[in-house]
Amino acid sequence: MTTSRAELAAFLRSRRARIGPADVGLPPGFRRRTPGLRREELAQLAGVGVTWYTWLEQGRPINASVQVLDAIARTLRLDEAEREHLYRLADVPAFTARPAGCPLEPQVQLILDSLTLPACVYNGRYDLLACNRAYAGLFPELVHRRGYERNAIWHLYMTAECCMPFVNLADELPLMTATMRANFARHLGEPAWEGFVRDLSAASPAFAAAWQSHDVAVPGSRLKIFRHADAGDLRLSTSSMLLAGTPEARLIVYTPADEATAGGLARLPELAPLTGACAKHGRALPPGGPPS
């Protein structure tokens, strides 16, 4: 079984498990040992053959048309991000993988430096590629790291709770992980991506559990709340913009959501780092971590 087919099989099983019989108007029945719908129930609702769907969920090398995948997606109640993820894993031509990322163009840093608001560039795995001074003031522990520890996902999962400046982390981190999971479909079989997932899964049970949920999401505007030692709570809305010519690279700009946050950001260079700046609980970089 290829990596993409194994990923497709696991994704379909995870989505089927979350749809209960009552959700689609079926009686609960007796002796139901599996969560969610049975394979034959899903196949019947989607109008596809039971054997064909079983083979698809087993990761066998069978072709699936857009029409059939549409029917499965509707039955599984997939959202936009999940639907795109399904098509990409099934190797539908409309969603073939994009080419590998390219280096950032020099003018990107000039754009970042011209902004007074915190701003940065992440790739699809949340590696920090570039940032401006205001962002560095918000996240000094991330900016001055190397390798895996310069990755926002790694940093958030591996920072001790006592040093975490992210107030609404429980809401935002699952969305970040789901966004990375959607991007992962474009990099199946790539040692750098698979090594990152393997190493972080070994280091963080919380990440391992979130990753195995197979949830996917697309980037969007978010409200992130951070706690600063002197400025207090900073409520920031994020805007995400793709950079042309650099696949998966996104320019993220943090804008104040209220007047108190705007005042705190204006004084940020004069203030101490975030309460998350805690060297005592730093984590060592595993062997093989990518360079910064």
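Residues numbered from 1 in each chain as written. Predicted model: local features only at pLDDT ≥ 70, side-chain atom pairs only at ≥ 80, totals over all residues. Heavy atoms only, no water.

Q: So what exactly am I meant to see when it comes to the overall build of the protein here?
A: Helix and strand counts for the protein come out as 13 helices and five strands. With 292 residues in all, the protein has 48% of them scored as buried. In the protein, of all internal contacts separated by at least 6 residues, the share reaching a separation of at least 24 is 60%. Total accessible area on the protein is roughly 14400 Å²; 56% of this is exposed by carbon and sulfur atoms. (Helix = DSSP H or I, 4+ residues; strand = E, 2+ residues; numbered from the N terminus. Buried < 20%, exposed > 50% of the residue type's maximum accessible area, 1.4 Å probe, protein only. Contact = heavy atoms within 4.5 Å. Areas by Shrake-Rupley, 256 points an atom, 1.4 Å probe, with all protein chains shown as cover.)

Q: Explain the confidence of the model for the protein here, please?
A: Interpreting fine coordinate detail is not advised for predicted regions of low pLDDT. Of the residues in the protein, 86% have a pLDDT of 70 or more, and the chain-wide mean is 84. The low-confidence segment residues 96–101, where pLDDT is below 50, has seven contacts with residues more than four positions distant or belonging to other chains. Contacts for the low-pLDDT stretch residues 272–292, under 50 throughout, to residues beyond four places or in other chains number 49 contacts. (pLDDT = per-residue confidence, 0-100.)

Q: Which parts of the structure should I look at to understand the sheet that holds strand S4 (residues 232–242)?
A: The pairing of strands in a sheet happens through backbone hydrogen bonds and is either parallel or antiparallel. Spatially, the five strands line up as an open sheet ordered S2-S1-S5-S4-S3, and their pairing is antiparallel. A single partner strand is all that each edge strand has here, and the edge strands are strand S2 (128–131) and strand S3 (222–228). Direction aside, the axes of adjacent strands within the sheet are offset by 30° on average. Bridge count for strand S1 (residues 119–122) against S2 is three bridges, and the pairing is antiparallel. Pairing of Val121 across the sheet is with Ala130, part of S2. Each of S1, S2 and strand S5 (250–256) touches helix H6 (residues 106–114); the most contacted strand, S2, lies at about 55° to it. (Pairing = 2+ DSSP bridges. Axes fitted to C-alpha atoms, helices over the stretch in contact; angles between N-to-C directions.)

Q: I'm lost on the packing of helix H2 (residues 39–46) against helix H4 (residues 66–75) in this one. Help?
A: Geometry of a packed helix pair, given as the angle between the helix axes and the separation of the axes. The interhelical angle for the contact between H2 and H4, taken along N-to-C directions, is 115°, at an axis separation of 9 Å. In terms of crossing hand, the pair formed by H2 and H4 is right-handed. Facing H2, whose interface residues are Leu42, Leu45 and Ala46, H4 presents Ala71, Ile72 and Thr75. Residue composition of the contact of H2 with H4, by class: five nonpolar, one polar and no charged. (Left-handed = near helix turned anticlockwise from the far one by under 90°. Nonpolar A, V, L, I, M, F, W, Y, C, P; charged D, E, K, R; others polar.)

Q: Can you walk me through the packing of aromatic side chains in this structure?
A: Note on aromatic pairs: each is described by the distance of the centres and the angle between the planes. Tallied over the entire structure, the rule returns 13 aromatic pairs. Taken together, a centroid distance of 5.2 Å and an interplanar angle of 80° make the contact between Phe184 and Trp211 edge-to-face. Taken together, the residues Phe184 in helix H10 (residues 169–184) and Trp211 in helix H12 (residues 205–212) connect sequence positions 27 residues apart. Across this residue pair, the class does not change: Phe184 and Trp211 are buried. Connected via pairs of aromatic rings, a cluster forms that spans Tyr135, Phe139, Phe166, Phe226 and Tyr254. Sitting above the plane of the Trp193 ring, Arg125 keeps its charged end 5.9 Å from the centroid. A cation over a ring is seen here: Arg250 above Tyr126, with NZ or CZ 5.1 Å from the ring centre. (Phe/Tyr/Trp six-rings, centres within 6.5 Å; stacked < 30°, edge-to-face > 60°. Lys NZ or Arg CZ within 6 Å of the ring centre and 35° of its normal.)

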